[in-house]
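Here are the chains, one letter per residue:
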Amino acid sequence: MASTHHKLIILGGGPAGLTAGLYAARSRMDHLLIEKGAEGGQVLLTDWIDNYPGFTDGISGFDLADKMAAHARRFDMNSMFGNVVSIDLSKPVKQLTLEDGASLSCDTLIICSGAHPRPLGIPGEKEFIGKGVSYCGTCDAPFYRNQHVAVVGGGNTAVQEAEHLTKFADKVTLIHRRDELRATKILQERAFDNPKIDFIWDSHVKEITGKDGVEQLQILNNEGKYSTLDVDGIFILIGVLPNNEMLPLEDLEADEGGFIPTDTETRTAVAGVMAAGDIRSKEVRQIINAAGEGATAVLAAEDYLTNLS
Ligand SMILES: Cc1cc2nc3c(=O)[nH]c(=O)nc-3n(C[C@H](O)[C@H](O)[C@H](O)COP(=O)(O)OP(=O)(O)OC[C@H]3O[C@@H](n4cnc5c(N)ncnc54)[C@H](O)[C@@H]3O)c2cc1C
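Residues numbered from 1 in each chain as written. Predicted model: local features only at pLDDT ≥ 70, side-chain atom pairs only at ≥ 80, totals over all residues. Heavy atoms only, no water.

Asks: Report on the site of the ligand, specifying residues and quantitative values.
Replies: Neighbouring the ligand are 33 residues; Glu35, Gln42, Asn51, Asp278 and Ile287 lie closest to it. Residue Pro15 places a main-chain N or O atom 3.2 Å away from an oxygen atom belonging to the ligand. Taking Asp278, its main chain carries an N or O atom lying 2.8 Å from an oxygen atom of the ligand. Secondary-structure elements contributing two or more residues to the shell around the ligand are helix H1 (15-26), strand S2 (31-35), strand S9 (115-117) and helix H6 (287-308). Classifying every residue of the shell around the ligand by side-chain character gives 16 nonpolar, 13 polar and four charged. (Near = heavy atom within 4 Å. Polar contact = N/O pair within 3.5 Å; in protein donor to acceptor, adjacent residues only side chain to side chain. Helix = DSSP H or I, 4+ residues; strand = E, 2+ residues; numbered from the N terminus. Nonpolar A, V, L, I, M, F, W, Y, C, P; charged D, E, K, R; others polar.)

Asks: Describe the environment of Trp48, naming the residues involved and giving the relevant values.
Replies: Note on placement: Trp48 falls in strand S3 (residues 48-49). Assessed through its relative accessible area of 37%, Trp48 is described here as partly exposed. Each C-alpha atom of the pair Trp48 and Gly61 lies 5.6 Å from the other, and the pair is 13 residues apart in sequence. (Buried < 20%, exposed > 50% of the residue type's maximum accessible area, 1.4 Å probe, protein only.)

Asks: An account of the pattern of salt bridges is needed here, citing residue identities and associated values.
Replies: Taken as a whole and assessed by the stated rule, the structure comprises six salt bridges. Across the salt bridge formed by Glu163 and Arg190, the nearest N and O atoms sit 3.1 Å from each other. Residue Glu163 is found in helix H4 (residues 156-165), and its partner Arg190 is found in helix H5 (residues 185-193); the two are separated by 27 residues along the sequence. For Lys171, the salt bridge is made with Asp198, and the minimal N-O distance between the two is 3.5 Å. A residue pair is termed long-range when its members are at least 10 positions apart, and Lys171 in strand S12 (residues 171-175) and Asp198 in strand S13 (residues 197-200) qualify at 27 residues. Overall, the relative accessible area of 34% leaves Asp198 in the partly exposed class. A cluster of three or more residues bridged by salt bridges with shared partners is formed by Arg280, Lys282 and Glu293. (Salt bridge = Lys/Arg side-chain N within 4 Å of Asp/Glu carboxyl O.)

Asks: Give a description of H1 that names residues and reports values.
Replies: In a regular helix each residue adds 1.5 Å, so 12 residues correspond to 16 Å; H1 covers 16 Å between its end C-alpha atoms and thus fits that length. Of all 12 residues in H1, 10 are buried; the element is thus mostly enclosed. Arg28 occupies a position one or two residues after H1 and carries a positive phi of about 60 degrees. (Expected span 1.5 Å × (residues − 1).)

Asks: Please provide a residue-by-residue account of unusual backbone geometry, values included.
Replies: One non-glycine residue, Asp76, adopts positive backbone phi at about 65 degrees. Within the fold, Asp76 resides in the loop between helix H2 (61-74) and strand S5 (79-81). Since its relative accessible area comes to 57%, Asp76 is described here as exposed. Although it is not a glycine, Thr266 adopts a positive phi angle of roughly 75 degrees. Within the secondary structure, Thr266 sits in the loop between strand S18 (240-242) and strand S19 (273-275).

Asks: Can you tell me about the pairing of strand S14 (residues 203-209), naming the residues and giving the values?
Replies: With six bridges connecting them, S14 and strand S15 (residues 216-221) associate as antiparallel partners. The partner of Ser203 across the bridge, within S15, is Asn221. (Pairing = 2+ DSSP bridges.)

Asks: Tell me about the layout of surface pockets, and please be specific about residues and values.
Replies: In this structure, the second largest pocket spans a volume of roughly 280 Å³. Considering the residues around the second largest pocket, the lining is formed by 14 residues, among which Leu120, Val152, Arg177, His204 and Ile238 are closest to the centre. Top contributing element to the lining of the second largest pocket by residue count: S14, with four residues. Looking at the lining of the second largest pocket, its residues break down into six nonpolar, five polar and three charged. (1 Å grid on protein atoms, 1.4 Å probe; cavity = no way out; pocket = protein on both sides within 12 Å on 5 of 7 lines; lining within 4 Å. Points joined across faces, edges and corners; volume = space filled by probe spheres on them.)

Asks: Could you give an account of the packing of aromatic side chains, naming the residues involved and the relevant values?
Replies: According to the stated counting rule, one finds five aromatic pairs in the structure shown. Geometrically, the ring pair formed by Phe192 and Trp201 is tilted, given 6.3 Å between the ring centres and 50 degrees between the ring planes. Aromatic rings pair up to connect Phe192, Phe199 and Trp201 into one cluster. (Phe/Tyr/Trp six-rings, centres within 6.5 Å; stacked < 30°, edge-to-face > 60°.)

Asks: Describe the side chain of Glu35, with residues and values.
Replies: Turning to its location among the elements, Glu35 is positioned in strand S2. Among the polar contacts listed, one links the side chain of Glu35 to the backbone nitrogen of Gly13, at a separation of 2.7 Å.

Asks: Give me the sheet that holds strand S17 (residues 233-236): which residues, what numbers.
Replies: The strand order across the open sheet built from five strands is S10-S17-S11-S12-S13, with neighbouring strands paired in parallel fashion. Sheet topology places strand S10 (133-134) and S13 at the edges, where each strand pairs with a single neighbour. One ladder, built from four bridges, connects strand S11 (residues 148-152) with S17; its direction is parallel. Opposite Val149, over in S17, you have Gly233 as the bridge partner.

Asks: Describe the state of the cysteines, and please don't skip the residues or the numbers.
Replies: Per the counting criterion, the structure on display carries one disulfide. The partner cysteine of Cys136 in its disulfide is Cys139, sulfur to sulfur 2.0 Å. On the S-S bond that ties Cys136 to Cys139, the torsion sits near 65 degrees, and the link is right-handed. Judged by relative accessible area, Cys136 falls into the buried class, the value being 17%. Distance from the sulfur of Cys106, which forms no disulfide, to the nearest cysteine sulfur (Cys112) is 12 Å. Owing to a relative accessible area of 6%, Cys112 belongs among the buried residues under this scheme. (Disulfide = S-S within 2.5 Å.)

Pasting the structure below:
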């Protein structure tokens, strides 16, 4: 099998990886970015992005991904398609194995493998992503001005985002599978006091229906009774899952959710390994901070390489 060594390997081609690719290429480092799907990552899952600076009228997810990749290519970013299936960080030279058996190595690695929203896994969910199904209140709330939206979940994120949504929507119905919320008491109190938030307890959304976008939710309560709720959108906020199946989680001292802790410069517990973007252990997962961390990570990688030689 061919084996290729690079000073820097960037794992993942979402906003964090593409920004790292831009910075590495622009500073003429010997680098390689590996992406298993389409460059852009989760940005490709969203129809319209309204909160990335510089695009005053917003930009489609596809166009932003395309522009980020083209920007890095202007400086000759070196990239390949490949699915990294395992990583050995036990020695100073890091080893990566791809699904096709190819083996690659590097002196420094930036992990930008991202995350994905935990889905409900119900009919209608996939079909209506970007057409009323959202996994990010911070991103999509302004699209629901004066409308009725549902939020599914009972943790801090769901309750906080339900409150955020009331700044735009006329009505927010929070649907939870239990009879009490898991969110911290102060968040609960604020939600209970908010006249725009309604609650449906002990219930599961079983199906999302509509024509060109979300129109109704089919809800089943714990007593076996079905009901229909008319809504313009549904925010599924039941957690985020890290893309970490190929990572040596013990070496990286992953947190209990499987995300990778770093210092402020994105350095992980393993010397010469950085983590940037949604895979990092953190509270806010947005394109802007993924990109920022990708840039920081390259500077940390450069610093590591300078001290190596
Ligand atoms: C529906 C939706 C809407 C959103 N809307 C907005 C918004 O409007 N504004 C905003 O700021 N944020 C938004 N976000 C959040 C934003 O998309 C993420 O914070 C951002 O994409 C994170 O970038 P990342 O590079 O860290 O990870 P990702 O975007 O997750 O990219 C990771 C990349 O790594 C690749 N990868 C993973 N594992 C491997 C492997 N083993 N081998 C090779 N490649 C691998 C993946 O294929 C992927 O391309 C939204 C998220 C979702 C899900």
